[in-house]
Amino acid sequence: MGREGYIVPADPQAVGKKKTAPRSWILIDSAGQGTVLDVDKYAVMHRVRIHARDLRILDPLLSYPSTILGRDRAIVLNLEHLKAIITAEEVLLRDPLDENVVPVVEELKRRLQPANSFCRGNENEVVGGHHDIEIIEEDESPFEFRALEVALEAICSFLAARTTELETAAYPALDELTSKISSRNLDRVRKLKSAMTRLTARVQKVRDELEQLLDDDDDMNDLYLTRKLMVSSPASASGGANWYPASPTIGSRISKASRATASRASVATVKGDENDVEDLEMLLEAYFMQIDGTYNKLTTLREYIDDTEDYINIQVSH
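Since the structure is predicted, the reported quantities are computational estimates derived from the model, not experimental observations.

Engineer: Whenever I open this one, the overall build of the protein chain confuses me. Can you help?
Structural biologist: Assigned secondary structure in the protein chain consists of 10 helices and eight strands. Split into buried and exposed, the 318 residues of the protein chain put 43% on the buried side.

Structure (structure tokens):
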């Protein structure tokens with residue numbers, strides 16, 4: 001499917017020759033800790049080992065459609081306002097202060113931290129002779145899938161909410177137009193139809209991207225970053241801290257997280273076939289069904305608008 005990427009070698013001299021304005025990113029690691037980074041594109045490319053053309057997909061100044069790309073060591077994610085790079089041990093999310101991105105950052109921090117870090121109960125209170133401790137089952141999915149799920153959940157919910165808002169405004173406006181044909185009502189419906197067309201195109205692109213992934217096992221296999229790390233070199237998973245000149249504190253934290261990720265991945269690799277994509281297929285299928293439901297709502301609304309226009313044309317011709 002032509003989705004393979006390649007590693008960009010570190011070239012400090014090249015970085016020095018061409019200056020680019022820093023961009024604000026937030027790095028969320030496997031401990032759920034967030035660190036804001038103001039770095040240029042070369043630093044990002046070196047850290048996650050993607051090509052410039054992949055990073056360009058995430059440029060907010062360029063109009064790229066919704067895309068999910070699997071690369072050698074990263075998933076490049078461009079979904080509406082969410083522009084992220086997911087690796088086997090961290091997420092880099094662009095423009096973390098954007099009002100639509102802030103809730104996603106908080107959800108990533110919550111969902112990506114180890115279960116034992118937030119499974120705290122009140123150990124000092126005893127209920128019925130036992131400590132009242134809440135136990136939360138740890139999600140054993142690979143880090144990249146948990147991060148991907150947060151992103152898909154956020155975007156599907158966002159587009160569903162925009163569709164509901166449009167329906168709430170459109171159906172009463174259409175009914176009012178059928179009862180009273182006026183320039184005001186016609187203009188109102190015209191604007192709503194235009195908004196519906198734009199929203200449908202956005203929803204369809206996300207839907208098509210998920211469908212394309214589901215139709216190609218190779219593309220889905222490319223998203224198994226943890227498994228690829230283990231298959232290529234079990235020792236390489238602990239080398240994440242060397243991808244980018246980070247502080248010793250951040251570096252050691254990433255290194256520890258990498259070893260934990262590698263430990264879990266080794267079990268998963270032994271248990272399953274390297275080409276098995278069933279877990280990811282189930283995840284993508286769930287969100288495909290959700291976005292498909294949103295698309296169907298917009299299709300129904302479009303048909304209602306078309307029927308209303310036919311009715312108005314008949315009324316006017318008489």
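Engineer: Would you explain helix H2 (residues 41–48) in this entry?
Structural biologist: Note: α-helices contain 3.6 residues per turn, so residues at a spacing of three or four share the same orientation. Burial runs high along H2: six of the eight residues are buried. Capping of H2 at its N-terminal end is provided by aspartate 40; its side-chain oxygen lies 3.1 Å from the backbone amide nitrogen of tyrosine 42. The first or second residue beyond H2 is arginine 49, which carries a positive phi of 60°.

Engineer: Can you walk me through unusual backbone geometry in this structure?
Structural biologist: One can expect most non-glycine residues to show negative phi and most peptide bonds to be in trans. Unusually for a residue other than glycine, arginine 49 sits at a positive phi of about 60°. Within the secondary structure layout, arginine 49 lies in the loop between H2 and helix H3 (52–56). Backbone geometry at aspartate 95 places phi at a positive 50°, although glycine is not the residue there. By secondary structure assignment, the location of aspartate 95 is in the loop between strand E6 (90–94) and helix H4 (102–112).

Engineer: Would you mind going over the side chain of glutamate 167 with me for this structure?
Structural biologist: Positionally, glutamate 167 belongs in helix H5 (residues 143–179). Other than its neighbours up to four places away in sequence, glutamate 167 contacts Pro172 and Lys297.

Engineer: Please explain the pattern of salt bridges as it appears in this structure.
Structural biologist: Opposite charge on two side chains makes pairing possible when the charged atoms of those side chains draw close. Evaluation of the coordinates by the stated rule reveals 17 salt bridges. Arginine 111 is the salt-bridge partner of glutamate 153, the closest N and O atoms lying 3.5 Å from each other. Of this pair, glutamate 153 sits in helix H5 while arginine 111 sits in helix H4; the two residues are 42 residues apart in sequence, bridging distant segments of the chain. In this structure glutamate 153 comes out as partly exposed when scored by relative accessible area, which is 30%. Here the residues in one salt-bridge network are Glu107, Arg110, Arg111 and Glu153, joined through shared partners.

Engineer: Would you explain the pairing of strand E4 (residues 75–79) in this entry?
Structural biologist: Each regular strand carries side chains that alternate between the two faces of the sheet. Counting buried residues in E4 gives five out of five residues, a clear majority hidden from the surface. Of the two faces of E4, the one carrying Ile75, Leu77 and Leu79 and the one carrying Val76 and Asn78 are both buried. Here four bridges tie strand E3 (residues 67–70) to E4, and the two strands are oriented antiparallel to one another. When the bridges of E4 are listed, leucine 69 appears paired with valine 76. The antiparallel hairpin formed by E3 and E4 contains four residues in its connecting segment.

Engineer: I would appreciate a short explanation of a negative patch on the surface in the present structure.
Structural biologist: Residues Asp217, Asp218, Asp276, Glu278, Asp279, Glu281 and Glu285 make up a contiguous surface patch of negative charge. Counting only elements with at least two residues in the negative patch, the list comes to helix H7 (217–222) and helix H10 (278–317). The element best represented in the negative patch is H10, accounting for four residues. Relative to the assigned elements, aspartate 218 resides in helix H7.

Engineer: I would appreciate a short explanation of the UniProt feature "coiled-coil region" (unreviewed entry) in the protein chain in the present structure.
Structural biologist: As recorded in UniProt, the feature "coiled-coil region" (unreviewed entry) lies at residues 189–223. Taken as a whole, residues 189–223 contains 91% helix and 0% strand, while its terminal C-alpha atoms sit 43 Å from one another.

Engineer: Which parts of the structure should I look at to understand the packing of aromatic side chains?
Structural biologist: The geometry of an aromatic ring pair is captured by the separation of the ring centres together with the interplanar angle, meaning the angle of the planes. Counting across every chain of the model gives two aromatic pairs. Taken together, a centroid distance of 4.7 Å and an interplanar angle of 80° make the contact between phenylalanine 145 and tyrosine 224 edge-to-face. Taken together, the positions of phenylalanine 145 in helix H5 and tyrosine 224 in the loop between H7 and helix H8 (225–232) put the pair 79 residues apart, joining distant regions of the chain. Here phenylalanine 145 and tyrosine 224 have matching classes, each one buried. An angle of 75° between the planes, with centres 5.1 Å apart, marks the rings of tyrosine 171 and tyrosine 304 as edge-to-face. Placement of tyrosine 171 in helix H5 and of tyrosine 304 in helix H10 is noted, with a sequence separation of 133 residues between them.

Calculation notes
Residues numbered from 1 in each chain as written. Predicted model: local features only at pLDDT ≥ 70, side-chain atom pairs only at ≥ 80, totals over all residues. Heavy atoms only, no water. Helix = DSSP H or I, 4+ residues; strand = E, 2+ residues; numbered from the N terminus. Buried < 20%, exposed > 50% of the residue type's maximum accessible area, 1.4 Å probe, protein only. Polar contact = N/O pair within 3.5 Å; in protein donor to acceptor, adjacent residues only side chain to side chain. Contact = heavy atoms within 4.5 Å. Salt bridge = Lys/Arg side-chain N within 4 Å of Asp/Glu carboxyl O. Pairing = 2+ DSSP bridges. Patch = residues over 30% accessible without salt bridge, like charges linked within 9 Å, V, L, I, M, F, W, Y side chains within 5 Å. Areas by Shrake-Rupley, 256 points an atom, 1.4 Å probe, with all protein chains shown as cover. Lys, Arg positive; Asp, Glu negative; His and termini not counted. Charge placed at Lys NZ, Arg CZ, Asp CG, Glu CD. UniProt positions renumbered as here; feature names shortened; annotations may be inferred. Phe/Tyr/Trp six-rings, centres within 6.5 Å; stacked < 30°, edge-to-face > 60°.

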